[in-house]
Amino acid sequence: MKVIILRWGHRHRDIRVTSHVALTARAFGASGLVIADSEDKTVERTIKRVIDKWGGNFKIEMGVSWRNYIKSWKDKGGITVHLTMYGENIKSSDVMQRIKFSKKNILVLVGSQKVPSEFYHSDVSDFNVAIGNQPHSEVAAIAVFLDRLFEDDKFSDTPKGKFKILPSDRKKIVISTE
Ligand SMILES: C[S@@+](CC[C@H](N)C(=O)[O-])C[C@H]1O[C@@H](n2cnc3c(N)ncnc32)[C@H](O)[C@@H]1O
């Protein structure tokens, strides 16, 4: 199952948050990020530096229209999950079971500011999921959603990069793999 994050509403003053969206998506097991309707080479450079150092594959696309991207994702058989505080509660509903049961590739939609109302409709979002029905952050929402989706399965993955961390109870131990 492939999971891609689509970030709607990126503004240049959001560089840090969008970079954290990308880093969190990568670290929690997503395969890529789409920055819709906007371009930001700083975010791309940040994530490429991290991949170069720590390894793994993570694709960034930007400047694509969210409508076209979602349409083509669905045409190829994928589903869309919009993360929103107004959605079905991740804990008290069976929404995660229904998402997992589909066994399809997932495009996760997150906002920054208020998203267009179309995002809540079934032609855009197959599921509207709330990580609790309280406002917080797209970074936190992505982390919890991916963790529940992959059931804690991604944290022992160590992609092959130039450097590797040896987990330690006390010290910072980083070794070169080259
Ligand atoms: C800063 S919030 C925007 C909140 C904004 N007031 C709104 O009406 O959507 C940015 C993004 O974080 C995500 N988000 C925030 N709280 C969430 C929650 N409780 N559950 C799921 N996603 C959430 C949504 O994707 C939202 O578009």
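Calculation criteria
Residues numbered from 1 in each chain as written. Predicted model: local features only at pLDDT ≥ 70, side-chain atom pairs only at ≥ 80, totals over all residues. Helix = DSSP H or I, 4+ residues; strand = E, 2+ residues; numbered from the N terminus. Rg over C-alpha atoms; globule rule 2.2 N^0.38 Å. Buried ≥ 20, exposed ≤ 12 C-beta atoms within 10 Å, placed from the backbone. Pairing = 2+ DSSP bridges. Axes fitted to C-alpha atoms, helices over the stretch in contact; angles between N-to-C directions. Near = placed C-beta within 6 Å. Nonpolar A, V, L, I, M, F, W, Y, C, P; charged D, E, K, R; others polar. Expected span 1.5 Å × (residues − 1). Contact = placed C-beta atoms within 7 Å. Parallel < 35°, antiparallel > 145°, perpendicular 65-115°, else oblique. Core = buried A, V, L, I, M, F, W, Y, C linked by C-beta atoms within 7 Å.

Draft legend 1. The arrangement of the overall build of the protein in detail. What the protein contains, in helices and strands, is 5 helices and 8 strands. Counting from the amino terminus, the protein carries its helices and strands in the arrangement β-α-β-α-β-α-β-α-β-β-α-β-β. Here the C-alpha atoms of the protein give a radius of gyration of 17 Å, agreeing with the 16 Å that 2.2 N^0.38 yields for 178 residues. In terms of its C-alpha atoms, the protein occupies a principal-axis envelope of roughly 50 × 35 × 30 Å. Counting across all 178 residues of the protein, residues that qualify as buried make up 29%.

Draft legend 2. Examining the sheet that holds strand E6 (residues 127-130) more closely. Sheet architecture is open: 6 strands sit in the order E3-E2-E1-E5-E4-E6, paired in parallel fashion. At either end of the open sheet lies a strand with only one pairing partner, and these are strand E3 (59-64) and E6. Strand after strand, the sheet turns through a mean of 30 degrees between neighbouring axes, direction not considered. Examined bridge by bridge, strand E2 (residues 32-36) and E3 share 5 bridges and lie parallel to one another. By the bridge assignment for E3, Ile-35 is matched with Met-62.

Draft legend 3. Quick look at the site of the ligand. Around the ligand, 17 residues are found, and the nearest of them are Leu-83, Met-85, Gly-111, Glu-138 and Ala-141. Residue assignment for the shell around the ligand shows that the elements contributing at least two residues are strand E4 (79-89) and helix H5 (138-150). Looking at the shell around the ligand, the element that brings in the most residues is E4, giving 3 residues. Of the residues that constitute the shell around the ligand, the class distribution is 8 nonpolar, 7 polar and 2 charged.

Draft legend 4. Structural context of the pairing of E4. In this structure, E4 lies alongside strand E5 (residues 106-110), joined through 4 bridges in parallel fashion. Within E5, the residue paired with His-82 across the bridge is Leu-109. Two strands pair when backbone bridges link them, and E4 and E6 are joined in this way by 5 bridges, in the parallel orientation. Bridging across to E6, Asn-89 finds its partner in Ala-130.

Draft legend 5. Main features of helix H1 (residues 15-27). With 13 residues, H1 should cover 18 Å at 1.5 Å per step; its first-to-last C-alpha distance of 18 Å lies within 8% of that length. If you check which residues of H1 are buried, you get Thr-18, Ser-19, Val-21, Ala-22, Thr-24, Ala-25 and Arg-26. Here the buried face of H1 lies against strand E1 (3-7), E2, helix H2 (41-54), E3, E5 and H5. At the exit of H1 stands Gly-29, carrying a positive phi of roughly 105 degrees.

Draft legend 6. Representation of the packing of H1 against H5 in the model. Here H1 crosses H5 at 5 degrees, and the two axes come no closer than 9 Å. Classed by the angle they form, the pair H1 and H5 counts as roughly parallel. On H5, the residues that touch Val-17, His-20, Val-21, Thr-24 and Ala-25 of H1 are Glu-138, Val-139, Ile-142 and Ala-143. Within the contact of H1 with H5, the residues separate by chemical class into 6 nonpolar, 2 polar and 1 charged.

Draft legend 7. Representation of the nonpolar core. With 37 residues, the main nonpolar core has Ile-5, Leu-6, Leu-83, Val-108, Ile-142 and Phe-145 as its most contacted residues. Excluding residues that lie within four positions of it along the chain, Leu-6 makes contacts with Val-34, Ala-36, Trp-66, Tyr-69, Leu-107, Val-108 and Leu-109.

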